[in-house]
Amino acid sequence: ELFVSATDFQQSETGTPANSPGASLVAKVLSRADQSAQTLDLKALPVFQSRGPLKRLAFGAGVLLLLAGASAAWPTHAGIFANRLAGGVNPWPQLTFLDIELGANTSATRTGDDLRGSIARGEDLPITARATGRIPEEVELHFSDGGRAILNPVERSSGETLFSTTLRSVQTDVEFVARGGDDRREIPRVFIEVLEPPDITRLAIVVTPPAYSGQAAFTTTDADAKVLAGSRVEVLALCDTDESAAKSPIQGQVRLLPEDRLVTLTQGTFPGTDLPALAFAFEADQSLRFRYELRDSNGLTNPDPGLWSVEVIEDRSPRINLIYPRGLTLETVPTGVLLLSAAVQDDFGIQDLILTAEDQRAEGAPLSFPLEFGPIETPSAQGGTTQFGFERMPMSTLVGRDLVAGDTLRLELTARDTRQPEAGTGRSPSILVRVLTTDEYMRRVQDRLSLVRRRTSELFELQREKLRRTEELLDAAFGETEAGDTPEFTSRDRMDLAAAASGQRRVVGDAGSLLRELASLSGDVLHARVDSDAERQLEQLDLLLAGATSSNFDPAIWQALIDQHQKGRLGSAGFAGHLLDLTGLAIEINLTHATAATESLARAEETTSLEDLQLALTAAVELQAANLSAIEDLLGRLAEWDNFQSVLSLARDVLD
């Protein structure tokens with residue numbers, strides 16, 4: 001500081017006036033500086049040493065030599081360095097180069113450093129990064145929303161490696177770049193636009209049934225349809241597409257399965273709206289499935305075309321259910337009459353009902369007889385309409401001549417429905433009619449009565465056994481004891497009661513079978529007209545059967561007939577009247593005593609009161625005893641008739 005101050009004072013141009021107060025101070029500084037300068041060792045001062053600067057000079061020269069060598073070895077890099085040092089924009093050299101490729105389902109174009117593409121909403125977006133040069137271990141995708149995705153190598157070859165990933169079910173627009181290794185260019189920058197693919201928002205199936213069915217046209221919306229064969233079906237689809245493609249109509253076709261046939265779609269109007277729809281029409285002759293295959297102006301297709309179906313229901317041929325006669329083999333005599341009734345069911349309507357009679361002895365064509373029929377109300381799970389046909393005519397009318405013993409006829413019912421253009425035809429099972437002599441017919445009746453007697457005897461034994469078991473059960477539970485114990489109904493007694501009830505139900509079943517056999521025999525004898533005194537009984541029976549529209553056996557018909565007969569309102573009758581009396585006994589056995597006994601035992605099973613239990617068992621015993629007495633009465637009547645017929649047979653043999 002002293003030397004600097006002294007030097008400054010000496011180099012000052014103005015100097016310091018001698019008479020000024022500072023002159024003495026300046027003089028002192030100069031004097032002190034001179035004295036200090038004389039004491040300095042100039043060789044010891046660093047400023048006069050040359051070793052340090054020489055080292056620095058040598059280091060700088062070495063650095064310059066290294067830079068010159070590097071520039072000579074890598075002239076391109078040296079030029080880029082010099083260019084950027086001077087403010088240029090030449091890119092730095094890199095070892096890794098990345099490129100982006102999109103999947104085949106993505107429409108993509110390159111514009112400069114941008115890669116732009118589009119994809120249908122909901123589709124997957126495959127992304128592939130192609131790396132050349134120095135291959136990185138992984139490639140990163142950086143999305144505009146801050147997300148990242150890591151791509152791992154999937155395929156390696158000489159000079160390049162592919163990194164791949166897939167974005168699942170893309171719903172919104174996507175923007176991203178790829179980075180890997182020393183490639184930080186972020187080129188290309190990828191922009192993916194998500195487009196709304198064409199799709200069906202509503203579907204309507206308009207069905208116009210054929211005129212003969214009488215059904216009104218109907219429309220099924222957003223569901224499969226069931227249609228009658230021959231219906232005209234028009235399918236219309238309301239479509240939705242992306243706004244960018246809204247001005248261009250959607251085009252497409254429909255694929256019909258299982259024939260795998262393509263049908264071009266036409267323009268229509270969706271039912272109930274004025275919106276345009278894609279439509280196709282066909283006449284339903286077989287069930288099919290179909291799906292719409294759509295394409296909009298962007299080239300997008302509906303990604304998941306729904307599969308719809310139209311089930312075609314055939315108009316079935318009429319179904320004939322024979323009500324009377326109940327069997328398919330009918331035996332009669334030349335003077336007999338035919339009673340025929342049938343229920344005919346069809347999906348929509350019956351055109352006619354025809355009885356065909358074929359004479360097995362004649363060579364001519366069978367005779368046909370149109371039958372009158374009318375609608376009836378019958379519950380049916382299958383729907384449709386049911387008609388009831390009834391006919392009563394002499395057997396000789398069926399062949400146009402007098403019948404003789406040995407004739408055989410084959411009868412068949414044929415029904416035609418209202419189907420167009422060709423009516424459906426239904427046929428009943430054939431009924432075989434055998435014409436017998438009166439004696440032969442009566443022997444067949446006698447055989448059937450013998451069978452009835454045997455079954456009645458079996459029913460008698462069964463009812464007697466069930467009565468004995470019920471009495472034992474009643475005595476065991478409620479009988480008097482010497483010790484005067486309180487009645488108790490044990491679990492074992494409950495088991496015995498269940499067995500007794502089950503046995504009584506069997507009695508009811510066997511009694512019902514016996515009743516049906518006697519009623520069938522009575523009806524056959526009346527219609528064979530072997531008893532000339534039973535004409536009024538025959539007319540009353542036919543009148544009652546004309547109202548029976550069910551094939552189930554109806555005991556009320558026979559109850560009404562027997563009631564009229566036994567009150568004498570139908571006049572007297574011989575053999576046929578005897579059969580009606582036997583049938584009346586069978587009705588009493590089945591519907592009065594046996595059924596009531598079964599109900600009493602059922603009440604006994606359900607009750608928990610000992611008093612009610614005893615009353616129910618007592619009533620069951622009384623009813624079973626009454627039923628046993630009625631069965632015994634029926635057996636006696638059958639035995640009397642059997643004896644009488646034996647006398648007649650013996651007398652006939654003597655006469656012969």
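Above this text sits the structure in question.
Here we summarise the structure given alongside this text. Source: prediction; values computed, not measured.

Turning our attention to the overall build of the chain. Tallying secondary structure elements over the chain gives ten helices and 29 strands in all. Taking 656 residues into account, the globule formula puts the C-alpha radius of gyration at 26 Å, and the chain, at 58 Å, lies well above it. The dimensions of the chain, computed from C-alpha atoms along their principal axes, are 200 × 90 × 55 Å. Counting every position in the chain, which comprises 656 residues, the buried fraction comes to 38%. Put simply, of all contacts in the chain between residues at least 6 apart along the chain, 69% involve residues at least 24 apart. Each charge sign in the chain was given a centre, from 61 positive and 96 negative side chains, and these centres are 8 Å apart.

Taken together, Glu588, Glu632, Asp633 and Glu640 make up a surface patch of like negative charges. As for its placement among the helices and strands, Asp633 is situated in helix α10 (residues 610-655). With a relative accessible area of 38%, Asp633 lands in the partly exposed category.

In terms of nonpolar packing, the biggest core is built from 65 residues, with Leu449, Trp558 and Leu617 touching the most fellow members. At the level of elements, β22 (337-346), α5 (438-478), α6 (491-528), α7 (535-545), α8 (555-566), α9 (575-606) and α10 are the ones that each hand at least two residues to this core. Ranked by residues supplied to this core, first place goes to α5 with 13 residues.

Moving on, we come to the side chain of Ser428. Note on placement: Ser428 falls in the loop between β28 (425-427) and β29 (431-435). Ser428 gets classed as buried once you look at its relative accessible area, which sits at 6%. Within polar-contact distance, the side chain of Ser428 engages the backbone nitrogen of Leu413 at 3.0 Å. Aside from chain neighbours lying at most four places away, what touches Ser428 is Ile320, Leu322, Glu412 and Leu413.

Calculation rules
Residues numbered from 1 in each chain as written. Predicted model: local features only at pLDDT ≥ 70, side-chain atom pairs only at ≥ 80, totals over all residues. Heavy atoms only, no water. Helix = DSSP H or I, 4+ residues; strand = E, 2+ residues; numbered from the N terminus. Rg over C-alpha atoms; globule rule 2.2 N^0.38 Å. Buried < 20%, exposed > 50% of the residue type's maximum accessible area, 1.4 Å probe, protein only. Contact = heavy atoms within 4.5 Å. Lys, Arg positive; Asp, Glu negative; His and termini not counted. Charge placed at Lys NZ, Arg CZ, Asp CG, Glu CD. Patch = residues over 30% accessible without salt bridge, like charges linked within 9 Å, V, L, I, M, F, W, Y side chains within 5 Å. Areas by Shrake-Rupley, 256 points an atom, 1.4 Å probe, with all protein chains shown as cover. Salt bridge = Lys/Arg side-chain N within 4 Å of Asp/Glu carboxyl O. Core = buried A, V, L, I, M, F, W, Y, C linked by side-chain atoms within 4.5 Å. Polar contact = N/O pair within 3.5 Å; in protein donor to acceptor, adjacent residues only side chain to side chain.

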